[in-house]
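If you want the building blocks of each chain, they are given just below.
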Amino acid sequence: MATLKLTITGDLAPIRAFAPVIEQNPESIYGDLLPRLRQADYRIVNLESPLAGTEFIVKSGAAFTGKPEHLGVLTCVPFEAVTLANNHTFDTGTEGYRRTCSLLDRAGIARAGSGTLAEAQKPLVIEKNGIRIAVFNFSEGEDMMAATENRAGVAPWDPETVCRNIREAKNSGRYQAVIVIVHCGLEYYPFPPMYVYQTFEKLAEAGADLIAGHHVHVPQGMTRFGSVPAYFSLGNFVFFQDNQLLHRKTGYLLEVEIGENGIDHAEPLPYRIGADGVRMLTAPEKTEFDTLFRRISEPLKTSENAKRAWEACLAWYGLKGYCAELEKILDTMRNSPRKGAAMLRNRVQCMQHRMHWTDGLTRIADDTIGNADPDLVKLVDAYFNERLRS
C-alpha cells in the first residue's frame, strides 16, 4: 500500500550564533536529529530568513538575513520544500527575496506561500510514492509584507480564500491529503489567541486534513477539530535566541504518515536547541515534554476552555504590560520616528497585535482583566521565565 512519510518543521534561520556553524559544517547543526530527518520521504521547513541581500527594510521587529553560503543547511538534509509565508522573508526587500528564490530554484527546493497574490495562494503540490498532497501556506502579512495582485509578498491573512481553496482541492479528488501550514499567533505565549483557534477550526471544517502553526517561538499544544489534528505552534527549530529560557529552547517537528485514504498518523517529535544546534531529548526530558504537551493541549479541547486559556494570557500581561508597551512605542517614535511608526502600525495592521490589544483593552475597560484561572496564569508566567536547568 502506498505511503508517504512527511516531516514538517518550524522556524529555521541561519543567523546569530548558528550562522558560522552552518557556514562551516551545516550537517552538524542538526545533531542526532539528522538521521531521523533523513528517514522521511519529504521534508518541509519554514525558512525564517532571506539568504541574500544587505539592505534591511524598516519594520516593527528585528530584521535579519543569512548568506548564499547558508543554502547548505537546506540541501544537506535535504529539505525538499520551504514555506515562505512569514514575517522575515522580505527583510532585505524585494531584491533579497528574488535572489533567495533564485538560490532555492537552482537547488531544486520548492517553495510555498510567497510571490504575487495568485502565486502565494497556490498550493505546493507534492507527489511521491504514489501519494499526492496539497500544502497551503499563509501568514499574517506583518509590516505590510502581504502579497498583492501586482507586488510580491507573502500569502496574506485571508482565511476565507484559503478555505475556498481547500474545498476546491478536496472536491477535485486529486489529493490524498490537504495540509495547511500557518505562520501566526502572539509570540512566547503557551496558548493561541482566539482568532487563531477559530481560524484553525474553519480550516478543518473546510476540509484540511492536518494544520500546523509556527511563529510564536515556543511550543504550543494541539487539538482535534473532529478528526483533524491541529498543532498551534511547533516552536523554534534551527533558530538561535541568546537566552536560556526553557520554552524558547524547546520545539517539536511533526512526523506525518499519509496513505491512500488520507492521514494515517501524526506524531510530534520534540528536541532541544543548544548553543551549536539541535538535539533529541533525553528520556527524562521527553517525559517532561510529554507532560507539558498534555497540559498545554488540555484547554484546547473546547472553544470555551481555549478562551479561558487566552484570558489567562491577557491577565498575565495586564494593565502594566500594555502601559509598558505603549511607552516603548512612543519613546521609539520620539527617537527613531520611522521605527516607532512601524511598531505602532503593526499594532493596528497585524492580527496578532490588533487582537492582543483589542481583547486586552476590552477586559481592562470592563474591569475583568484580572479574572482568569490562576493555574493558567502561572503557566503563562513559566513560559516567559522558566529557565533551563544546568
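Everything below is about the structure shown above.
We now turn to the structure provided with this report. (Residues numbered from 1 in each chain as written. Predicted model: local features only at pLDDT ≥ 70, side-chain atom pairs only at ≥ 80, totals over all residues. Heavy atoms only, no water.)

Reading across from one edge, E4-E3-E2-E1-E13-E14-E15 is the order of the seven strands in this open sheet, with mixed pairing throughout. A single partner strand is all that each edge strand has here, and the edge strands are strand E4 (110-112) and strand E15 (278-280). Along the sheet, successive strands turn relative to each other by an average axial angle of 30°, direction set aside. Across five bridges, strand E1 (residues 3-12) lies against strand E2 (residues 42-47) in parallel orientation. Residue pairing for E2: isoleucine 8 is matched across the bridge by isoleucine 44. On top of the sheet, helix H4 (residues 93-106) reaches E2, strand E3 (81-83) and E4; it is set at about 140° to E4, its chief contact. Most of the contacts of helix H8 (residues 283-297) go to strand E14 (residues 262-273), to which it runs at about 120°, and overall it touches strand E13 (250-259), E14 and E15. (Pairing = 2+ DSSP bridges. Helix = DSSP H or I, 4+ residues; strand = E, 2+ residues; numbered from the N terminus. Axes fitted to C-alpha atoms, helices over the stretch in contact; angles between N-to-C directions. Contact = heavy atoms within 4.5 Å.)

The next subject is helix H11 (residues 351-365). Between its first and last C-alpha atoms H11 spans 20 Å; for 15 residues at 1.5 Å apiece the expected length is 21 Å, and the two agree. Buried residues along H11 sit in contact with helix H7 (194-206), helix H9 (303-335) and helix H10 (337-349). With its phi angle positive at about 60°, aspartate 367 sits one or two positions after the end of H11. (Expected span 1.5 Å × (residues − 1).)

Per the stated rule, a full pass over the model turns up 18 salt bridges. In this structure, the salt-bridge partner of arginine 308 is aspartate 373, at a minimum N-O distance of 2.8 Å. Here arginine 308 is found in helix H9, whereas its partner aspartate 373 is found in the loop between H11 and helix H12 (374-385), with 65 residues between them in sequence. Given the relative accessible area of 34%, arginine 308 is considered partly exposed. (Salt bridge = Lys/Arg side-chain N within 4 Å of Asp/Glu carboxyl O. Buried < 20%, exposed > 50% of the residue type's maximum accessible area, 1.4 Å probe, protein only.)

Moving on, we come to the environment of arginine 174. Looking at the secondary structure, you find arginine 174 in the loop between helix H6 (159-172) and strand E9 (177-183). For arginine 174 and alanine 134, which are 40 residues apart along the polypeptide, the C-alpha to C-alpha distance reads 9.1 Å.

One can describe the packing of H9 onto H10 by two numbers: an axis separation of 5 Å at closest approach and a directional angle of 145°. Crossing handedness for the pair H9 and H10: left-handed. Where H9 abuts H10, its residues Glu325, Lys328, Ile329, Thr332, Met333 and Asn335 lie against Pro337, Lys339, Gly340, Ala341, Met343, Leu344 and Arg347. The class makeup of the residues in the contact of H9 with H10 is six nonpolar, three polar and four charged. (Left-handed = near helix turned anticlockwise from the far one by under 90°. Nonpolar A, V, L, I, M, F, W, Y, C, P; charged D, E, K, R; others polar.)

Let's shift gears to empty space enclosed by the protein. Throughout the structure, instances matching the rule amount to two cavities of 30 Å³ or more. Roughly 60 Å³ of internal volume is contained in the largest cavity. Forming the walls of the largest cavity are Ala120, Gln121, Lys122, Phe136, Asn137, Phe138, Ala155, Val162 and Asn165. Mapped onto the lining of the largest cavity, the elements with two or more residues apiece are strand E7 (131-139) and H6. The element contributing the most residues to the lining of the largest cavity is E7, with three residues. Residues of the lining of the largest cavity, tallied by class, amount to five nonpolar, three polar and one charged. Roughly 40 Å³ of internal volume is contained in the second largest cavity. Lining the second largest cavity are Asn86, Asn87, Ser139, Glu140, Gly141, Glu142, His183, Cys184, His215 and Gln352. Residues of the lining of the second largest cavity, tallied by class, amount to one nonpolar, seven polar and two charged. (1 Å grid on protein atoms, 1.4 Å probe; cavity = no way out; pocket = protein on both sides within 12 Å on 5 of 7 lines; lining within 4 Å. Points joined across faces, edges and corners; volume = space filled by probe spheres on them.)

Moving on: the layout of surface pockets. Counted as a void, the largest pocket has a volume near 840 Å³. Along the wall of the largest pocket there are 32 residues; nearest its centre are Glu187, Tyr188, Lys328, Arg347 and His353. The set of elements that each furnish at least two residues to the lining of the largest pocket consists of H9, H10 and H11. Among the elements that take part in the lining of the largest pocket, H9 stands out by supplying seven residues, more than any other. By residue class, the composition of the lining of the largest pocket is twelve nonpolar, twelve polar and eight charged. In this structure, the second largest pocket encloses a volume near 350 Å³. What lines the second largest pocket is a set of 14 residues, and nearest its centre among them are Leu246, Arg272, Glu288, Glu386 and Arg389. When residues in the lining of the second largest pocket are grouped by element, the largest group, five residues, is from H8.

Let's shift gears to the nonpolar core. Core analysis: the largest hydrophobic core is formed by 121 residues, its most contacted members being Ile8, Tyr30, Leu74, Ile133, Phe200, Leu203 and Phe237. Ranked by the residues each element gives to this core, the list is headed by H7, at eight residues. (Core = buried A, V, L, I, M, F, W, Y, C linked by side-chain atoms within 4.5 Å.)

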